[in-house]
Amino acid sequence: MRKCILIYEDDPELSEICQALLAQPDRHIEVKDRCDHIISDIEQFKPGVILMDLWIPEMGGKKATVLIKDNPDTKGIPVILFSANPEIDKISTEVNADGYITKPFDIAIFRETVEKNIL
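As the structure is a prediction and not an experimental result, all values here were calculated from the model.

Colleague: Lay out the pattern of salt bridges with the relevant residues and their values.
Modeller: In the structure shown here, the tally under the stated rule is seven salt bridges. Taking the shortest distance from any N to any O, the salt bridge between Arg27 and Glu115 comes out at 2.6 Å. Taken together, the residues span a long stretch of sequence, with Arg27 in strand S2 (residues 27-32) and Glu115 in helix H5 (residues 107-117) at a distance of 88 residues. We note a salt bridge from Glu94 to Lys62, for which the minimum N-O separation is 3.6 Å. Residue Glu94 is found in helix H4 (residues 88-94), and its partner Lys62 is found in helix H3 (residues 61-70); the two are separated by 32 residues along the sequence. On the basis of relative accessible area, Glu94 is assigned to the exposed category, the value being 54%. In this structure, a network of salt bridges that share partners links the residues Glu9, Asp53 and Lys103.

The structure is reproduced here in structure tokens:
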């Protein structure tokens, strides 16, 4: 069974980089440049992990993560925030994210963080 990684990132170049770094034959990677349909996206793609840009349009990654973690049907899905915000560690804790990646990111840390969180 192919695992799905759901990426919310509005920068097309960074989206392509993330896809290239995480691509494997047993994976499906879905990228969205907005998070206004986050719960229906999760229902459709059934991700094993979500990478969430903090500044994603419309509602933003902070609010989207809270929606995921407050919903009994989605709260078990690992969410990793990624951002250049210097307070990403604090924000990650506030919204009950399962981890964070600081932009610009180290490729090894990026892959390691995703791999240890994917269901």
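Colleague: Now, about the state of the cysteines: what can you tell me, with residues and values included?
Modeller: Taken as a whole, this structure holds zero disulfides when the rule is applied. Not engaged in a disulfide, the cysteine Cys4 finds its nearest cysteine sulfur in Cys18; these two sulfurs lie 14 Å apart. Left unpaired, Cys35 is separated from the closest cysteine sulfur, that of Cys18, by 16 Å. Residue Cys35 is classed as buried on the basis of its relative accessible area of 0%.

Colleague: Report on the packing of aromatic side chains, specifying residues and quantitative values.
Modeller: Each aromatic ring pair is specified by the distance between its two centres and by the angle formed by the two planes. For the structure shown, the criterion picks out one aromatic pair. Geometrically, the ring pair formed by Phe105 and Phe110 is stacked, given 4.4 Å between the ring centres and 15° between the ring planes. Note on accessibility: Phe105 and Phe110 belong to one class, buried. Directly above the ring of Phe82 sits Lys103, whose terminal nitrogen or CZ lies 4.7 Å from the centroid.

Colleague: Describe the pairing of strand S3 (residues 49-53), listing the residues and the values that go with them.
Modeller: If a strand is regular, its side chains alternate between the two faces of the sheet. The buried fraction of S3 is high, at five of five residues. Neither face of S3 is left uncovered, since the one carrying Val49, Leu51 and Asp53 and the one carrying Ile50 and Met52 both have all their residues buried. Across four bridges, strand S1 (residues 3-8) lies against S3 in parallel orientation. From the neighbouring strand, Ile7 faces S3, where its bridge partner is Leu51. Of the strand pairs in this sheet, S3 and strand S4 (residues 79-83) are connected by four bridges, and their pairing is parallel. Each bridged residue has a counterpart across the sheet, and for Met52 the counterpart in S4 is Leu81.

Cut-offs and rules
- Residues numbered from 1 in each chain as written.
- Predicted model: local features only at pLDDT ≥ 70, side-chain atom pairs only at ≥ 80, totals over all residues.
- Heavy atoms only, no water.
- Salt bridge = Lys/Arg side-chain N within 4 Å of Asp/Glu carboxyl O.
- Helix = DSSP H or I, 4+ residues; strand = E, 2+ residues; numbered from the N terminus.
- Buried < 20%, exposed > 50% of the residue type's maximum accessible area, 1.4 Å probe, protein only.
- Disulfide = S-S within 2.5 Å.
- Phe/Tyr/Trp six-rings, centres within 6.5 Å; stacked < 30°, edge-to-face > 60°.
- Lys NZ or Arg CZ within 6 Å of the ring centre and 35° of its normal.
- Pairing = 2+ DSSP bridges.

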